[in-house]
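Listed below are the residues making up each chain.
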Amino acid sequence: CYVAAGLRRAGFEATVYNAEYDARRKTLVGNTNHLDVKGLLEQKQDYERRLHDDRDPVWVEVTRKLRRYDPDVIVISVFNVTLTAGNRIAAIAKRHNPDVVTVFEGAFNVGIRSAVDPSVAGDFGVMDIALRGEPDESAVEVVQALARGQRDLTGIDGVSWVDADGEVVHNPDRPHITDLDALP
């Protein structure tokens, strides 16, 4: 994860946790035949059921991990198919620690998952900050600002955030990274 690598390079502790990892499957949608509509529908129905079941092992594990690590900031990567789960993770984190800062990023098109702009599709009821575009540099600048006790993120490009008045602020877009070799 480039965001975690960038945070580590900037001197922050960063832990990567993949809540959707399943050792029995090789992809997000498993080994389902994508032409098997019945199989895909069954998989979607199972996903929807599990998504809203507090006793599901995934949510029990997520809650346990959040309690154990007790992060000050949590960065949640979301895609169009995982945005609802991301909102749920943020809500669990806020229930455990109302002061945790929840940051969503979802700017890339990875495999079969489509990119999603969390500043448009995310729930600012549980999301404090959305990283738009390429999140690598924005994430580091956001965490640096938070570490200084700064909650006003006006000067950080590529960020949407909730200000002290509860209003969502959309900062200017961040330019694309031109030197990919500079990424960690």
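Preceding this paragraph is the structure being described.
Analysis parameters
Residues numbered from 1 in each chain as written. Predicted model: local features only at pLDDT ≥ 70, side-chain atom pairs only at ≥ 80, totals over all residues. Heavy atoms only, no water. Helix = DSSP H or I, 4+ residues; strand = E, 2+ residues; numbered from the N terminus. Buried < 20%, exposed > 50% of the residue type's maximum accessible area, 1.4 Å probe, protein only. Pairing = 2+ DSSP bridges. Axes fitted to C-alpha atoms, helices over the stretch in contact; angles between N-to-C directions. Contact = heavy atoms within 4.5 Å. Salt bridge = Lys/Arg side-chain N within 4 Å of Asp/Glu carboxyl O. Expected span 1.5 Å × (residues − 1).

Engineer: Looking at this model, I keep getting lost on unusual backbone geometry. Mind explaining?
Structural biologist: Leaving glycine out, the prevailing phi sign among residues is negative, and the prevailing peptide bond configuration is trans. Even without being glycine, Asp70 reaches a positive phi, approximately 45°. Mapped onto the fold, Asp70 is located in the loop between α3 (57-69) and β1 (73-77). Here Asp70 falls in the partly exposed class, since its relative accessible area comes to 40%.

Engineer: I tried to follow the pairing of strand β2 (residues 101-105) on my own but got confused; where do I start?
Structural biologist: Across a regular strand the side chains alternate sides, sitting on one face of the sheet and then on the other. Most of β2 is tucked away, with five of its five residues classed as buried. For β1 and β2, the ladder comprises five bridges, and the chain directions are parallel. Across the sheet, Ile74 pairs through a bridge with Thr102, a residue of β2. Summarising the sheet, β2 and strand β3 (residues 129-131) pair through three bridges and their orientation is parallel. Bridging from a neighbouring strand, Val103 pairs with Ile129 of β3.

Engineer: Would you mind showing me how to read the sheet that holds strand β4 (residues 159-162) here?
Structural biologist: Hydrogen bonds between backbone groups are what pair the strands of a sheet, and the pairing can be parallel or antiparallel. Read from one edge of the open sheet, five strands run β1-β2-β3-β4-β5, paired in mixed fashion. The open sheet has two free edges, formed respectively by β1 and β5 (168-170), since each of these has just one partner strand. Geometrically, the sheet is characterised by an average inter-axis angle of 20° between neighbouring strands, direction not taken into account. On top of the sheet, helix α4 (residues 83-96) reaches β1 and β2; it is set at about 165° to β2, its chief contact. On the sheet, helix α6 (residues 135-147) packs against β1, β2, β3 and β4 and is oriented at approximately 150° with respect to β3.

Engineer: How should I be thinking about the pattern of salt bridges in this particular structure?
Structural biologist: This model, assessed by the stated rule, comprises nine salt bridges. Notably, a salt bridge pairs Lys38 with Glu42, separated by 4.0 Å at the nearest N-O pair. Separated by four residues within a single helix, Lys38 and Glu42 lie in helix α2 (residues 37-51), roughly one turn from each other. We classify Lys38 as exposed; its relative accessible area is 61%.

Engineer: Even after reading the chapter, I still don't get α4, so can you show me in this structure?
Structural biologist: Each turn of an α-helix holds 3.6 residues, which means side chains three or four residues apart point in the same direction. With 14 residues, α4 extends 20 Å from end C-alpha to end C-alpha; this agrees with the ideal 20 Å at 1.5 Å per step. The set of residues buried in α4 consists of Leu83, Ala85, Gly86, Asn87, Arg88, Ile89, Ala90, Ile92, Ala93 and Lys94.

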